[in-house]
Each structure stands twice: as C-alpha cells, then as structure tokens.
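Coordinates in review
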Amino acid sequence: METREYEAGGNGQDGGVGDPACPQVGVLPVPGARLHYEVRGRGPLLVLLPGGGGDAGVYDAFAPLLADAYTVVALDPRGYSRSVLDGPPGTQTVERQADDVAALVAHLGAGPADVIGGSDGALVGLDLLARYPALVRRVLAHEPPAFGLLPGAEEHRAFIASVHETFVREGMGPAGARFAAWAGAGGDRWEPAPELAARLFANGPRFLEHELRSFTSWLPDIGALRGPAAEGRLVLAVGRETRGALCREPAVTLASHLGLAPLALPGGHGGWLAAAEESAVLVREAMK
C-alpha cells in the first residue's frame with residue numbers, strides 16, 4: 001500500500017517537525033470539538049492514540065524515538081486536556097473518536113497511516129481499521145479493554161457500573177483504584193511530568209463519568225478485522241507483566257479469534273511507555 005509523507009506548514013508555534021523534542025502544534029475543528037494534535041519528524045504518518053483520560057503528552061518520551069522514520073502525530077481525544085468541546089460533555093464513544101482520527105488523517109493528507117493505541121486508544125485503533133481501512137496501513141493495539149469478548153461479560157459490565165457508582169459516591173481516587181485492582185491495570189512505574197500529571201488528573205472525572213462504561217462495553221467488529229480489507233494489518237500487543245491480569249485477556253481472546261500471536265511489550269498495562277526505548281525498537285519491527 002502506497003504511503004505519503006506529511007509536509008508540514010508553519011503554524012506560528014516554536015519548534016517544528018524537524019525537532020522531535022519540540023513538536024509542531026495544530027488544531028483541527030471536527031463536529032462538536034476542536035482537536036489538539038502534535039507533529040514530530042518526517043516520513044510516513046504514524047498516529048499515537050492515548051488510553052482513557054490520556055492526552056498527547058503520554059507519548060512525550062516515546063514519540064521522539066520514532067520521529068527519525070515517521071511523521072509522528074499524537075492527539076488529545078475530544079473533551080480531554082486541550083481538545084475542547086463546543087458544548088457540554090456527553091458520553092464518549094469509540095466510533096466518535098475513530099471518526100476524529102479519520103478526519104485528522106484526511107486533514108494531514110498523508111495516509112494511509114500506521115496507528116498505535118494503548119488501552120482505550122487500542123479500541124479506537126481497532127474501529128478505525130474496521131471502518132476506515134483505506135486510511136490505515138497497520139494498527140498496533142495494546143491491551144484493548146473489550147471485556148465483552150470474555151466469558152462472564154455481563155458480570156464484567158455490572159462491575160464497571162459499580163465502579164461508576166463508587167465514583168459518584170466516593171470520588172475519583174477510590175473508583176480508579178477499584179478499577180485498577182480489578183483489571184490488573186495498575187502498578188506500572190511511570191511518573192508523568194508535573195504539567196502532564198495535572199492534565200491527566202483533571203481528565204479523570206470526565207473519563208470515569210463519560211468513557212469508562214461505554215468503551216469497556218464496546219465490541220470490535222471481528223468479521224471486518226478478519227476480512228480481506230484488514231488482513232495482515234493488525235498487531236495485538238500485551239504487557240509482559242500482565243500475565244494473569246484481566247486487562248490482558250481481551251487482546252489474547254481477540255488474537256485467538258483472528259489467528260494472531262500477541263506481541264509482548266515491556267511492563268504492564270501502561271508500562272510499555274515507561275520503557276520507551278525498548279518499546280520503540282519492538283514497535284519498529286512489528287510495524288514493518
């Protein structure tokens with residue numbers, strides 16, 4: 001599949017695509033929101049999708065390591081951090097976020113794009129591949145939390161509902177800790193910079209109120225992912241340290257349905273970003 005390089009224009013910001021440590025910043029109007037995105041490097045397009053409540057900043061260490069070979073684009077999903085909504089917040093959906101990514105790829109005019117997503121971002125990557133195959137060259141999906149693929153799906157859905165109830169009664173801290181303990185998604189040794197940490201903390205309530213339930217109940221289109229339009233273009237990844245944890249199982253189950261062998265990346269559910277250098281090497285090989 002032919003790919004094109006992104007040719008960046010000036011945007012009035014300091015830095016630019018030639019300086020991986022200082023990305024070029026852009027804003028894309030989409031229906032109901034204005035998307036903040038950041039561009040580094042030059043070459044075929046690679047789009048990085050953060051997990052729930054995350055933003056482009058979670059890839060600050062990882063993105064520069066790939067900017068010698070790719071035009072690396074990271075974004076804040078709608079309603080989070082610097083991607084402001086035109087109106088009040090509502091339920092986040094996988095499909096709406098995938099539509100946003102498709103609009104961004106089309107806007108940059110550099111598709112088809114490679115896409116890497118972690119956690120909720122992995123769900124978005126799966127939907128993007130299923131519904132917009134012409135815009136995607138390859139997708140790496142790290143531990144998508146599609147718990148409906150697993151046995152006991154209704155029990156999982158009920159637990160997620162109870163996490164939301166904990167959030168309403170007791171606040172973000174107890175709800176987040178309860179979810180992480182249940183899914184085995186905590187414990188990674190990753191410490192964001194203070195400015196990023198403040199943004200992620202501010203995003204937490206919106207994630208628990210408007211995204212957790214809808215994303216974890218979403219199911220990928222296995223037929224489309226198994227079909228000729230997506231064949232050979234999906235890499236499912238798991239954390240080396242999540243063996244036995246629930247957050248790992250949807251990727252393993254989906255890989256089994258599709259006849260794929262999951263790629264093991266360092267760390268836990270989010271630890272591959274803490275081990276950015278090793279992860280970048282493995283990702284380069286997987287995305288060839």
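Scope of this entry: the structure provided in the associated data block. All values derive from a computational prediction rather than experimental measurement. (Residues numbered from 1 in each chain as written. Predicted model: local features only at pLDDT ≥ 70, side-chain atom pairs only at ≥ 80, totals over all residues. Heavy atoms only, no water.)

As for the overall build of the chain
The condition is simple: In this description a helix means any DSSP run of H or I spanning at least four residues, a strand means any run of E spanning at least two, and both kinds are numbered starting from the N terminus. Atoms counted for the radius of gyration: C-alpha only. Globule rule: 2.2 Å times the number of residues to the power 0.38. Remark: exposure states derive from per-residue accessible area (1.4 Å probe, protein chains only) relative to the maximum for the residue type, with buried under 20%, exposed over 50%, and partly exposed in between. The accessible surface values rely on the Shrake-Rupley method and a 1.4 Å probe; as for residues, cover is taken only from the protein chains in view. Counting rule applied: Lys, Arg positive; Asp, Glu negative; His and chain ends not counted. Every charge is mapped to an atom, namely NZ of Lys, CZ of Arg, CG of Asp or CD of Glu.
If you tally the helices and strands in the chain, you get ten helices and nine strands. In terms of C-alpha radius of gyration, the chain reaches 18 Å, essentially the compact-globule figure of 19 Å for 288 residues. C-alpha atoms of the chain, sized along the principal axes, occupy 50 × 40 × 35 Å. Residue burial in the chain is summarised as follows: out of 288 residues, 53% are buried. A total accessible area of about 11,900 Å² is found for the chain, and carbon and sulfur atoms account for 55% of it. A gap of 2 Å separates the mean positions of the 24 positive and 34 negative side-chain charges of the chain.

Quick notes on helix H4 (residues 172-183)
Because each turn of an α-helix spans 3.6 residues, side chains separated by three or four positions in sequence point in the same direction. Put simply, the rule reads: Working rule for helices: expected span equals 1.5 Å times residues minus one. The arc in question is the one traced by the directions running from the helix axis out to the C-beta atoms. Two residues form a contact once any of their heavy atoms are found within 4.5 Å.
A rise of 1.5 Å per residue sets the reference length of H4, with its twelve residues, at 16 Å; its end C-alpha atoms lie 16 Å apart and thus fit the reference within 8%. All of the buried residues along H4 are Ala175, Phe179 and Ala183. Seen from one end, H4 has its buried residues packed into an arc of 50 degrees, which puts them on one side. Where H4 is buried, its residues contact helix H3 (153-170), helix H5 (194-210) and helix H6 (212-216). Downstream of H4 by one or two residues, Gly184 has phi in the positive range, about 70 degrees.

Observations regarding the pairing of strand S8 (residues 234-239)
Here is the rule we go by: Strand pairing requires that DSSP identify at least two bridges connecting the strands. The handedness of a crossover follows from its direction of travel: if, with the strands pointing away from the viewer, the path from the first strand over the helix to the second runs clockwise, the crossover is right-handed.
Where burial is concerned, most of S8 is hidden: six out of the six residues are buried. With four bridges connecting them, strand S7 (residues 136-142) and S8 associate as parallel partners. Along S8, the bridge assignment pairs Ala141 with Leu236. Following the backbone out of S8, through helix H8 (residues 249-258) and into the adjacent parallel strand S9 (residues 263-265), one traces a crossover that is right-handed.

What to know about the packing of aromatic side chains
Working definition: an aromatic ring pair is given by the centre-to-centre distance plus the angle between the planes. Test applied: Any Phe, Tyr or Trp ring, taking Trp's six-membered ring, that has another such ring centre within 6.5 Å forms a pair; planes under 30 degrees apart are called stacked, those over 60 apart edge-to-face, and the others tilted.
Throughout the structure, instances matching the rule amount to six aromatic pairs. For the ring pair Phe159 and Trp182, a centre distance of 4.5 Å and an interplane angle of 25 degrees mean the geometry is stacked. With a gap of 23 residues between them, Phe159 in helix H3 and Trp182 in helix H4 connect regions that are remote in the sequence. Ring geometry for Phe179 and Trp182: centres 6.0 Å apart, planes at 45 degrees, overall tilted. Taken together, the residues span about one helical turn, with Phe179 and Trp182 both in helix H4 at a distance of three residues.

Concerning the environment of His210
Using the following cut-off: The definition of a polar contact used here is a pair of N or O atoms within 3.5 Å, where within protein one atom must be able to donate a hydrogen and the other to accept one, and adjacent residues in sequence count solely through side-chain atom pairs.
Following the sequence through the fold, His210 ends up in helix H5. Among the residues examined, His210 registers a relative accessible area of 17% and is labelled buried. Residues His210 and Thr93 lie 117 residues apart in sequence; the distance between their C-alpha atoms is 8.7 Å. Polar side-chain contacts of His210 include one of 3.5 Å to the backbone oxygen of Gly90.

Overview of the pattern of salt bridges
Side-chain pairs of opposite charge can arise whenever the charged atoms involved come near each other. Cut-off, in case you're wondering: Definition used for salt bridges: Asp or Glu carboxyl oxygen within 4 Å of a side-chain nitrogen of Lys or Arg.
All chains considered together, the criterion is met by 16 salt bridges. Taking the shortest distance from any N to any O, the salt bridge between Glu38 and Arg82 comes out at 3.4 Å. With Glu38 in strand S2 (residues 33-41) and Arg82 in the loop between strand S4 (71-75) and strand S5 (84-85), this residue pair connects regions lying 44 residues apart in the sequence. Take Glu38: its relative accessible area is 7%, and that puts it in the buried class. The salt bridge partner of Arg284 is Asp68, with a shortest N-O separation of 2.4 Å. Taken together, the residues Arg284 in helix H10 (residues 276-286) and Asp68 in the loop between strand S3 (45-49) and S4 connect sequence positions 216 residues apart. On the accessibility criterion, Arg284 (28% relative accessible area) is partly exposed. Among the charged side chains, a salt-bridge network with shared partners connects Glu38, Asp55, Asp76, Arg82, Glu195 and Arg199.

Topic: the side chain of Glu38
Here the side chain of Glu38 touches His36 through a polar contact of 2.9 Å, side chain to side chain. Apart from residues lying up to four places away in sequence, Glu38 is in contact with Pro23, Gln24, Val25, Ala56, Asp60, Val72, Val73, Ala74 and Arg82.

These figures come from the coordinates and say nothing about function on their own.
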